[in-house]
Amino acid sequence: MLIVQKYGGTSVANAERIKAVAGRVSKAVKQGNKVVVVVSAMAGETDKLINLAHQISSNPSEREMDLLLSSGERVTSALTAMAIEELGHRALALTGRQMGIFTDAVHTKAKIERITGERAEKALDEGYVVVVAGFQGITETEDVTTLGRGGSDLSAVAIAHALNADLCEIYTDVDGVYTADPRIVPDAKKLDKISYEEMLELASLGSKVLQTRSVEFAMKYSVPVVVRSSFNDNPGTLVTKEDEDMEKVVVSGIAHDVNQAKITVMGVPDKPGIAARLFKGIADANIVVDMIVQNISSDGKATDISFTVPKTDSKKALKLTEDIARELDAKGVDMREDIAKISIVGVGMRTHSGVAAQMFDTLAKHGINIMAISTSEIKVSCLIDAKYTELAVRVLHDAFELEKAA
């Protein structure tokens, strides 16, 4: 088998953890597998580099930031290759560029366009373990790019597809995908398997187990992914195609996200094209808008538009919104960062009624006010005051009896 194994920052946090990773890779090789290892930067290294950059410049160039931040994964890949060689295997560390990962030119949030992978394939055929620096690629004009936070997950899934791997294992500091965050809900259950769609919703809704774009990629190309812990040998959670058993479970998991900010544009003239002008300006800045709520005044002449963006983009989004609001002759702009998004997810929602009503009723019984609601075929999300986050997760977990999940 050809296996791609990805190790996150906590899994390669120091020399001892890197040696432990090498031991796990060695075991897979001894079982007769070809192995590609994708590594993140050591825990805390990326933040350290970001802080260094801001000590030098208040507004560092995104191109230079990419070059700087890519160094974290390069350090880990070289050290991991050394550790594997110490165990008697041949290993070859490759940067994103050497792996042939070509991206678009959107610095700090690049999208993978193609992977050549020729050098890796040759090395694997020659008996090497290939260790790839995750989170990075290169443009056609040879500028280094990074794939955004959690981008090593995407690197691993994309490499697995490019090399026709039999399996992509994502090693992290949790045993798999749980019905809720076990730190908030002690009796949360680990799922044996979950559909791509459910995992995509959970990832996009705040679950930090897998990066959203990596799940999108896995779903698009049917890459089988297993989420496992690098700290033990427990079986993980398989992320795969939906089957009939999955539809029997109404709600599979609860996600929460406190890294959101709500921006409200007040007193916007209610006429065609206003929302398009507002959201086009934000989209052009590569800022992802999530929930949108519009309230029209009783006289029908003005409207308030509220929307959420990631906290990391909130200051940039606020300034853009204020500039656009002046153009639109709006009355003002307000931003709140003390909010949280709580979501229930499950493919079984397609065939079961009353799920949203049960969610709303549960929150109401515990005095939790809902500021905004968004839904899809398999999820319901509510925006609430951040101080009620943990309470909301726990009461919803109880209400949908997720402690009984298999």
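Residues numbered from 1 in each chain as written. Predicted model: local features only at pLDDT ≥ 70, side-chain atom pairs only at ≥ 80, totals over all residues. Heavy atoms only, no water.

Description of the overall build of the chain
Assigned secondary structure in the chain consists of 13 helices and 20 strands. Over its C-alpha atoms the chain spans a radius of gyration of 23 Å, differing by no more than 12% from the 22 Å that the globule rule assigns to 406 residues. Projected onto its principal axes, the C-alpha coordinates of the chain cover approximately 75 × 50 × 35 Å. Residue burial in the chain is summarised as follows: out of 406 residues, 51% are buried. Here the contacts in the chain between residues at least 6 apart in sequence split such that 75% fall between residues at least 24 apart. Counting every atom, the chain has about 18,600 Å² of accessible surface; 51% of that belongs to carbon and sulfur. For the chain, the centre of its 47 positive side-chain charges and the centre of its 57 negative side-chain charges are spaced 2 Å apart. (Helix = DSSP H or I, 4+ residues; strand = E, 2+ residues; numbered from the N terminus. Rg over C-alpha atoms; globule rule 2.2 N^0.38 Å. Buried < 20%, exposed > 50% of the residue type's maximum accessible area, 1.4 Å probe, protein only. Contact = heavy atoms within 4.5 Å. Areas by Shrake-Rupley, 256 points an atom, 1.4 Å probe, with all protein chains shown as cover. Lys, Arg positive; Asp, Glu negative; His and termini not counted. Charge placed at Lys NZ, Arg CZ, Asp CG, Glu CD.)

Some words on the environment of Ala41
Within the secondary structure, Ala41 sits in the loop between β2 (34-39) and α2 (45-56). Between the C-alpha atom of Ala41 and that of Val12, which follows or precedes it by 29 residues, the distance is 7.5 Å. Residues within four places of Ala41 in sequence aside, it is in contact with Gly9, Val12, Thr46, Gly72, Glu73 and Thr76.

Considerations on the pattern of salt bridges
Pairing between side chains becomes possible if they bear opposite charge and their charged atoms approach one another. Taken as a whole and assessed by the stated rule, the structure comprises 27 salt bridges. A salt bridge links Lys341 to Asp290; the nearest nitrogen and oxygen atoms lie 2.3 Å apart. Taken together, the positions of Lys341 in strand β18 (residues 339-345) and Asp290 in the loop between α10 (274-284) and β15 (292-296) put the pair 51 residues apart, joining distant regions of the chain. A single network of salt bridges, built from pairs that share partners, joins Glu197, Glu242, Arg350 and Glu377. (Salt bridge = Lys/Arg side-chain N within 4 Å of Asp/Glu carboxyl O.)

Quick look at unusual backbone geometry
Even without glycine at this site, Glu142 takes up a positive phi of about 70°. Mapped onto the fold, Glu142 is located in the loop between β7 (136-138) and β8 (144-146). In this structure, Ser222 takes a positive phi of about 55° despite not being glycine. As for its position among the elements, Ser222 is in the loop between α8 (212-221) and β11 (225-229).

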